[in-house]
Amino acid sequence: MVQKQGMIEDCGSQGSTMADRRQLFAEMRAQDLDRIRLSTYRTACKLRFVQKKCNLHLVDVWNIIEALRENGLNSVDPNIELSVARLEAVIATVFYQLNKRLPTTHQINVEQSISLLLNFLLAAYDPEGHGKIPVFAVKMALATLCGGKILDKLRYIFSLISETSGVMIYGKFDQFLREVLKLPTTVFEGPSFGYTEQAARSCFSQQKTVMLNTFLDSLMSDPPPQCLVWLPLLHRLANVENVFHPVECSYCHSESMMGFRYRCQQCHNYQLCQDCFWRGLASGSHSNQHQMKEYTSWKSPAKKLTNALSKSLSCASSREPLHPMFPDQPEKPLNLAHIVDTWPPRPVTSMNDAVFSHSVPSSGSPFTNKSMIDSPSRLDEEHRLIARYAARLAAENAATQQQRGTADISYTIDANKQQRQLIAELENKNREILQEIQRLRLEHEQASQPTPEKAQQNPTLLAELRLLRQRKDELEQRMSALQESRRELMVQLEGLMKLLKTQGAGSPRSSPSHTISRPIPMPIRSLSACSTPAHTPQDSLTGVGGDVQEAFAQSSKRNLRNDLLVAADSITNTMSSLVKELKSEAGSETESNVDSAQYDDLISSPASEKAFLAQINARKPGYLHSSAGGSIIRSDIGTEDGLSYVRTDEESYDSDSVRQLETELKMEEYLKQKLQDDSYQVSLQG
C-alpha cells in the first residue's frame, strides 16, 4: 500500500513537472523569438528569456558559489550525481538568499522561480527522467545562466577545469563544452550550437599549455569560438536592454529605439532597430546582404567629435585590454593552523579552494562527511574549540587595546601639534595676501589720480586743451549770433510776405475790401548775444508768423546754412517782384512829362499803395523830420477805407520811395552774401 502511494506521488510530481516545463516553453514560443533569422541572436534571446523568467539575472556567480558552499558542494567530486530533492534544496538556497538581499517592495515569488529553474535543468540534463544530475553539470549551468560579469564566470569555470598549478585540463574543458552546449539544445537550437567532437579542438590546440589569461583571451575575443559565440552576446544583450537611442528606425519609423542599433555601411544614414534587423526587414535600396555595424550606445555629434579629437591627439593607444592580467600561479589558501587546532585537517581536493579562498570565505564541511559532523561528541568538541578560540581572541583584544591606547594618545598629541602648525601657516599666508591686496589698492588709487607733476610734464597738451576750449566758446558764440540773425530774417520775411499779400489785395484788379494794411512786427535783438543759449529750430521760430513757421516746421532736422540761404533768396525774390510791380503800376498811371535823366517818377497810387509806402518810410527813423535844405509838405488825407497816409511833394516823394527800395534791395543782397560767407567759414571750422 505504501509502495503504491509512493508511486502515485511520483506520478503526480512528474505530472506537475511536465506541466511547468510545458508552461515555460509555451511562454517562450509566445515571444515569437523563432522569427529571428540569425541563430546567434535567436539563441541568446531565448536563454535571456529563461534567465529573466527564472529570476537568475538577479543573482551573480558569487551568490552561486555561496549557495554551493552552504550545501556542501564546493569540494565534492564533480562526477557525483545529485537527486532532484538535493538539487531543489540548492536552488531554494539561491532564491531565499536573494529575497533576503532584495527590498520588501521587490520580493520575488520564490516557489515559482524554484519550480521553473528546476524543470528547465531537468529538461536540459535529465531528459529521460532518471532523477539524477551530475554536480559538474549543475555548477556549469548555474554559472552560465546567472547574472554578473562574464569575466567572473569564466574565472570560476576555469577553476573547475584546471589543475592546482593553474593549467587547464583538456578533458575537463571538453566536458565543460558538452554540458554547457546542452543549454542551447534545450531551447531548440541544437542544430546550430550542439556539441561536436571538434568543438574543443576549434578553441585550443592540443599541444598548447592553456593558462587563465589564455583561456580568457580566447573566450572573450571578438569573435569568440564558434560554438560559444552566443555566450558573450547573452551578456551584451543584458547590458543594452535599457539603452535609449534617439534615432528613427528606417523601416518601422519608430521615433526611438531600445537595445541594439544597427547602421548600414553602404546606405547613407540607414539605421534599423534590433527587432527589424533580427527579422531581416529592409526597405528602399537597402539589402540584407549589406554590411551592418552594431551600436550599443548613443553618442551625440559633439561627443563623437570630442572622442575623435582626443584619439587623434593622444600619443599612446587608448584601447583597453579585454581583461586584467592574472598571475599564472594561483594564490595559496591561508594557513590557520597556528590559531586553533584544526579538526580534522581538511585536504585541498579541488581548485575551488586554491583559487577562490582569498575572495570567498571557507565555511561548511564536505558533503560526504555530513553524518560524522552531526554526531554529539563531535559537536561538543566543536563547542569547546569555539570557546577556546573566543577566549584567546578576548585576551589578544585586551592587550591590543592597551597598546593602542598609548599609541592613540601619542598620535592625538602629534595630530594636535600638526593642526596648530597648519593653522599658523594659514594665518601667515592670509596676512601676506591682505598686505598684497592693500598695496595693489594704493597703487591703483595713485595711478587713477593725476598729480601736478604729471600735468607740468606735458605743457603742450595743456596749451592745446586751452585752445580747444577757447575755440569751442567762440563757435558757440558764433552759433548764437547766427541763430539771432536767422530769427531777425524770419521776422523780416514774415513782414514782407504780409505786405505782398496786402499789396496784391489793394491793386485795381482786387476788391477794396482786402486793402487793409497790417503792422509789420519789428525784430527785437537779444541783449545776451555773447551768451551761449541752446537754440532749437522750434525756439528760433517763436514769434514768427504762421506762414514762415509752417514752412520751416516741416523738417525739424534741417541744416541751418541751407535754411538761411533759402530765407535770403526768398527775401530777394520778394523785394524784386515788389519793385517790378510798383514800377509797372507807376508807369501805367504817371503823366507823360517825366524827366529822362532821373528815375521814373511814380504817380500817386491808390490808398492801399500809399499806405504801404507810408509803412516803409516809417521804418526809417529820420524820414518824417524835415531837413535843412528841402521842404516837405505833410498832410494826413483820409481814404475811403478809413486809413491815412503822408502826402509830400510829388517829385521828391517818388524819387525818395524808389531810392529807398533800391537801398533795401542792396542791403538784402549784402546780407545774403554775408550769410553765405559766414556759413562757409562755420563749415570749414566744424
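Look up a bit, the structure's there.
Residues numbered from 1 in each chain as written. Predicted model: local features only at pLDDT ≥ 70, side-chain atom pairs only at ≥ 80, totals over all residues. Heavy atoms only, no water.

A.B. asks: With reference to specific residues and values, describe the overall build of the protein.
C.D. replies: A count of helical and extended segments in the protein gives 25 helices and nine strands. Evaluated residue by residue, the protein yields a buried proportion of 35% over its 686 residues. A fraction of 67% describes how many contacts in the protein between residues 6 or more apart in sequence connect residues 24 or more apart. When the accessible surface of the protein is totalled, it reaches about 42,300 Å², and 54% of it is carbon and sulfur. (Helix = DSSP H or I, 4+ residues; strand = E, 2+ residues; numbered from the N terminus. Buried < 20%, exposed > 50% of the residue type's maximum accessible area, 1.4 Å probe, protein only. Contact = heavy atoms within 4.5 Å. Areas by Shrake-Rupley, 256 points an atom, 1.4 Å probe, with all protein chains shown as cover.)

A.B. asks: Explain unusual backbone geometry to me, using residue names and the numbers behind them.
C.D. replies: The residue after aspartate 222, namely proline 223, is reached through a cis peptide bond having omega 5°. As for its position among the elements, proline 223 is in the loop between α12 (212–219) and α13 (230–239). Not every positive phi belongs to a glycine, and phenylalanine 188 is a case in point at roughly 70°. Mapped onto the elements, phenylalanine 188 comes out in the loop between α9 (182–186) and α10 (190–193). Residue classification places phenylalanine 188 among the partly exposed residues on the basis of a relative accessible area of 44%. Its identity as a non-glycine residue notwithstanding, asparagine 269 has a phi of 55°, on the positive side.

A.B. asks: Go over a positive patch on the surface, please, and point to the residues and values.
C.D. replies: Residues Lys293, Lys299, Lys303, Lys304 and Lys311 make up a contiguous surface patch of positive charge. Sorting elements by how many residues they give to the positive patch places helix α15 (residues 301–313) first, with three residues. You can see lysine 299 is positioned in the loop between β7 (292–295) and α15. (Patch = residues over 30% accessible without salt bridge, like charges linked within 9 Å, V, L, I, M, F, W, Y side chains within 5 Å. Salt bridge = Lys/Arg side-chain N within 4 Å of Asp/Glu carboxyl O. Lys, Arg positive; Asp, Glu negative; His and termini not counted. Charge placed at Lys NZ, Arg CZ, Asp CG, Glu CD.)

A.B. asks: Go over the pairing of strand β5 (residues 261–264) with me, naming the residues and quoting the values.
C.D. replies: Pairing between β5 and strand β6 (residues 271–273): three bridges, direction antiparallel. Within β6, the residue paired with arginine 261 across the bridge is cysteine 273. What sits between β5 and β6 in their antiparallel hairpin is a turn of six residues, with asparagine 269 showing a positive phi close to 55°. The sheet contact formed by β5 and β7 spans four bridges and is antiparallel. Bridge pairing in β7 links arginine 261 to tyrosine 295. (Pairing = 2+ DSSP bridges.)

A.B. asks: If you had to explain the packing of helix α6 (residues 135–145) against helix α8 (residues 170–180) to someone new, which residues and values would you point to?
C.D. replies: Where α6 contacts α8, the axes come no closer than 9 Å and their chain directions differ by 65°. By the angle class used here, α6 and α8 are roughly perpendicular. When you trace α6 past α8, the crossing you get is right-handed. From α6, Phe136, Ala137, Met140 and Thr144 reach across to α8, where they touch Lys172, Gln175, Phe176, Glu179 and Val180. (Axes fitted to C-alpha atoms, helices over the stretch in contact; angles between N-to-C directions. Parallel < 35°, antiparallel > 145°, perpendicular 65-115°, else oblique. Left-handed = near helix turned anticlockwise from the far one by under 90°.)

A.B. asks: Describe the sheet that holds β6, naming the residues involved and giving the relevant values.
C.D. replies: Spatial strand order, β6-β5-β7: three strands in an open sheet with antiparallel pairing. Edge positions in the sheet fall to β6 and β7, since each of these pairs with one other strand and no more. Adjacent strand axes in the sheet meet at a mean angle of 25° when their direction is disregarded.

A.B. asks: Give me the lowdown on the packing of α6 against helix α7 (residues 150–160), citing residues and values where you can.
C.D. replies: In helix packing, the relevant descriptors are the interaxial angle and the interaxial distance, both defined with respect to the helix axes. Between α6 and α7, whose axes approach to 10 Å, the crossing angle comes to 165°. Regarding the angle of α6 to α7, the classification is roughly antiparallel. Viewed along their axes, α6 and α7 form a crossing whose handedness is left-handed. Within the contact between the two elements, α6 uses Phe136, Lys139, Met140, Ala143, Thr144 and Leu145 and α7 uses Lys153, Tyr156, Ile157 and Leu160. Here the residues of the contact of α6 with α7 sort into seven nonpolar, one polar and two charged. (Nonpolar A, V, L, I, M, F, W, Y, C, P; charged D, E, K, R; others polar.)

A.B. asks: With reference to specific residues and values, describe the side chain of lysine 153.
C.D. replies: The topology assignment puts lysine 153 in helix α7. Setting aside residues up to four positions removed in sequence, lysine 153 forms contacts with Val61, Ala143, Thr144, Leu145, Cys146, Gly147, Gly148 and His235.

A.B. asks: Provide a residue-level description of α12, including the pertinent values.
C.D. replies: Where burial is concerned, most of α12 is hidden: six out of the eight residues are buried. Every buried residue of α12 is listed here: Leu212, Asn213, Phe215, Leu216, Ser218 and Leu219. Against the buried residues of α12 lie α7, α8, α11 (199–203) and α13.

A.B. asks: How would you sum up the nonpolar core? Please name residues and give values.
C.D. replies: In this structure, Phe173, Phe176 and Phe215 are the most contacted members of the largest nonpolar core, which totals 105 residues. With 11 residues, helix α5 (residues 110–125) is the largest single contributor of residues to this core. Discounting chain neighbours no more than four positions away, the residues touching phenylalanine 173 are Ile161, Met168, Ala200, Cys203, Phe204 and Phe215. Residues Leu499, Met575, Leu661 and Leu675 belong to the second largest nonpolar core, which totals 14 residues. (Core = buried A, V, L, I, M, F, W, Y, C linked by side-chain atoms within 4.5 Å.)

A.B. asks: Account for the environment of phenylalanine 193, with residues named and values stated.
C.D. replies: Looking at the element boundaries, phenylalanine 193 is found in helix α10. The class of phenylalanine 193 is buried, set by a relative accessible area of 2%. C-alpha separation for the pair phenylalanine 193 and cysteine 227, spaced 34 residues apart in sequence, amounts to 5.7 Å. Those residues in contact with phenylalanine 193 that lie beyond four places of it in its chain are Ser39, Thr40, Thr43, Leu181, Pro184, Gln226, Cys227, Val229 and Trp230.

A.B. asks: Let's hear about the pattern of salt bridges: which residues, and what values?
C.D. replies: Here the structure, examined in full by the defined rule, presents 14 salt bridges. For arginine 35, the salt bridge identified is with aspartate 32, shortest N-O distance 3.6 Å. When its relative accessible area of 48% is taken as the criterion, arginine 35 is described as partly exposed. Residue classification places aspartate 32 among the partly exposed positions, given a relative accessible area of 32%. Among the salt bridges present, the one from glutamate 189 reaches lysine 46, with a minimum N-O distance of 3.0 Å. Of this pair, glutamate 189 sits in the loop between α9 and α10 while lysine 46 sits in helix α2 (residues 39–53), and the two are 143 residues apart along the sequence. Note on lysine 46: relative accessible area 3%, which makes it buried. Taken together, the shared-partner salt bridges in this structure form one network comprising Asp34, Arg42, Lys46 and Glu189.

A.B. asks: Explain the packing of aromatic side chains to me, and be specific about the residues and the numbers.
C.D. replies: Inspection of every chain in the model, using the stated rule, returns 13 aromatic pairs. Relative to tryptophan 278, the ring of tyrosine 41 has its centre 5.5 Å away and its plane inclined at 35°; by these criteria the two rings are tilted. Of this pair, tyrosine 41 sits in helix α2 while tryptophan 278 is found in helix α14 (residues 274–278), placing the two residues 237 residues apart along the sequence. For the pair shown, tyrosine 41 and tryptophan 278 are each scored as buried. Every member of this aromatic cluster is reached through a ring pair, and the members are Tyr41, Phe260, Tyr262, Phe277 and Trp278. Just above the ring of phenylalanine 277 sits the side chain of arginine 37; from NZ or CZ to the centre is 5.7 Å. In this arrangement the basic side chain of arginine 261 is found over the ring face of tyrosine 295, its NZ or CZ atom lying 4.5 Å from the centre. (Phe/Tyr/Trp six-rings, centres within 6.5 Å; stacked < 30°, edge-to-face > 60°. Lys NZ or Arg CZ within 6 Å of the ring centre and 35° of its normal.)

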